[in-house]
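Chain and residue survey
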Amino acid sequence: MATLYTHQASNVRKTWALMLGFFLFLIVLGWVFSQAYDNPLILYVFAMFSISLNLVSYWYSDKIALALARARPASREEFFDLFTAVENLAITAGLPRPAIYVIDDPAPNAFATGRNKEHAAVAVTTGLLQMMTKVELEGVLAHELSHIGNRDILISTVVVVLVGLVAMISDIFLRSMFWGGNRRRGDDDRGSGVFLFLGIIAAIISPIVATLIQLAVSRRREFLADASGALLTRYPEGLASALEKIGHYSSPMKRVSTATSHLFISSPLGGKSGGLSKLFLTHPSIEERVKMLREMA
């Protein structure tokens, strides 16, 4: 019988499996490019550059995300109930109270960001505050605090940076091929031609594969945060009801960036998709999430 704990454990295992697959994919891509250019140094530069970008994103990702969402610091006087709910849930979760931000937007949504639990922030839209009951708001906030407790934000940031790195390296490789910069020793050798061909194929498909892995990780983290949030409040129906209200609001947020859309509790881009387009969604469907929560209840 499925429980909150078994769902959590399952999602953790699947997420780390996806992360391991992503890093192996990155290493293989670097190796193919290094073979195509007959230069092993490319693989080492590839790895060092990705680590450098990860460090930069680790320190500044929260500020970038909040700025892109145009979130403003919330005051206790103006949003007393929000402050009270966040503080109570943070105490229950054993977390420091995160910084609290508000986004002036009628669309109901929320996200958490920050490099760790000591430097975290939660942002909610004014539409969410107006639409949700007390237990529904607590369900949403518990979901976001679970992202902080589970270190989801750090993992999401690392994956996003690596996806950007793959896309950039692939673009550089294809441009160098176009401008004739692919000359290497032994161009007449059959093996040389094979690696050049593999390099071109990898440069074309790798950004797509990397993006699909990124989105799969994002979807898995949402399932895990739902389960953890329900465990925190001990009332899965509160989050399930909140998700249904969010799902019924189909209009996108007024100001939204695709770079940070995966951070929100539900896609801020609006609309619904089905079929193969599900592969490119940053979030699992509302119906799947509500079903899981009510099964656990």
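Rules used throughout
- Residues numbered from 1 in each chain as written.
- Predicted model: local features only at pLDDT ≥ 70, side-chain atom pairs only at ≥ 80, totals over all residues.
- Heavy atoms only, no water.
- Helix = DSSP H or I, 4+ residues; strand = E, 2+ residues; numbered from the N terminus.
- Buried < 20%, exposed > 50% of the residue type's maximum accessible area, 1.4 Å probe, protein only.
- Contact = heavy atoms within 4.5 Å.
- Areas by Shrake-Rupley, 256 points an atom, 1.4 Å probe, with all protein chains shown as cover.
- Axes fitted to C-alpha atoms, helices over the stretch in contact; angles between N-to-C directions.
- Parallel < 35°, antiparallel > 145°, perpendicular 65-115°, else oblique.
- Nonpolar A, V, L, I, M, F, W, Y, C, P; charged D, E, K, R; others polar.
- 1 Å grid on protein atoms, 1.4 Å probe; cavity = no way out; pocket = protein on both sides within 12 Å on 5 of 7 lines; lining within 4 Å.
- Points joined across faces, edges and corners; volume = space filled by probe spheres on them.
- Pairing = 2+ DSSP bridges.

Before going further, it helps to spend a moment on the overall build of the chain. Helix and strand counts for the chain come out as nine helices and four strands. Each helix (α) and strand (β) of the chain, taken in turn from the N terminus, gives the series α-α-β-α-β-β-β-α-α-α-α-α-α. Expressed as a percentage of the 297 residues in the chain, the buried residues total 49%. Sequence separation of at least 24 residues holds for 72% of the intrachain contacts in the chain that already meet a minimum separation of 6. About 14800 Å² of surface is accessible on the chain, with carbon and sulfur atoms providing 64% of the total.

What follows deals with the packing of helix α5 (residues 134–149) against helix α8 (residues 236–248). Packing of α5 against α8 brings their axes to within 7 Å, and their N-to-C directions diverge by 95°. Classified by the angle their axes make, α5 and α8 are roughly perpendicular. Packed against α5, whose contacting residues are Val135, Glu136, Gly139, Val140 and His143, the element α8 presents Gly238, Leu239, Ser241, Ala242 and Lys245 at the interface. Residue composition of the contact of α5 with α8, grouped by class: four nonpolar, four polar and two charged.

Time to look at empty space enclosed by the protein. Summed over all chains, the structure comprises four cavities of 30 Å³ or more. Considered as a void within the structure, the second largest cavity measures approximately 60 Å³ in volume. Taken together, twelve residues form the lining of the second largest cavity, with Gly114, Asn116, Ile148, Arg151 and Ile153 sitting closest to its centre. Among the elements of the structure, β3 (110–116), α5 and α6 (152–178) are those that each provide at least two residues to the lining of the second largest cavity. Among the elements that take part in the lining of the second largest cavity, β3 stands out by supplying four residues, more than any other. Each residue belonging to the lining of the second largest cavity can be placed in one class, and the counts come to four nonpolar, four polar and four charged.

Pairing is mixed in the open sheet, where four strands are placed in the order β1-β2-β4-β3. Across the chains shown, the open sheet's two edge strands, defined by having one partner strand only, are β1 (72–73) and β3. Note that β3 and strand β4 (residues 119–125) share six bridges and pair antiparallel. Note on β4: the bridge partner recorded for Phe111 is Ala123.

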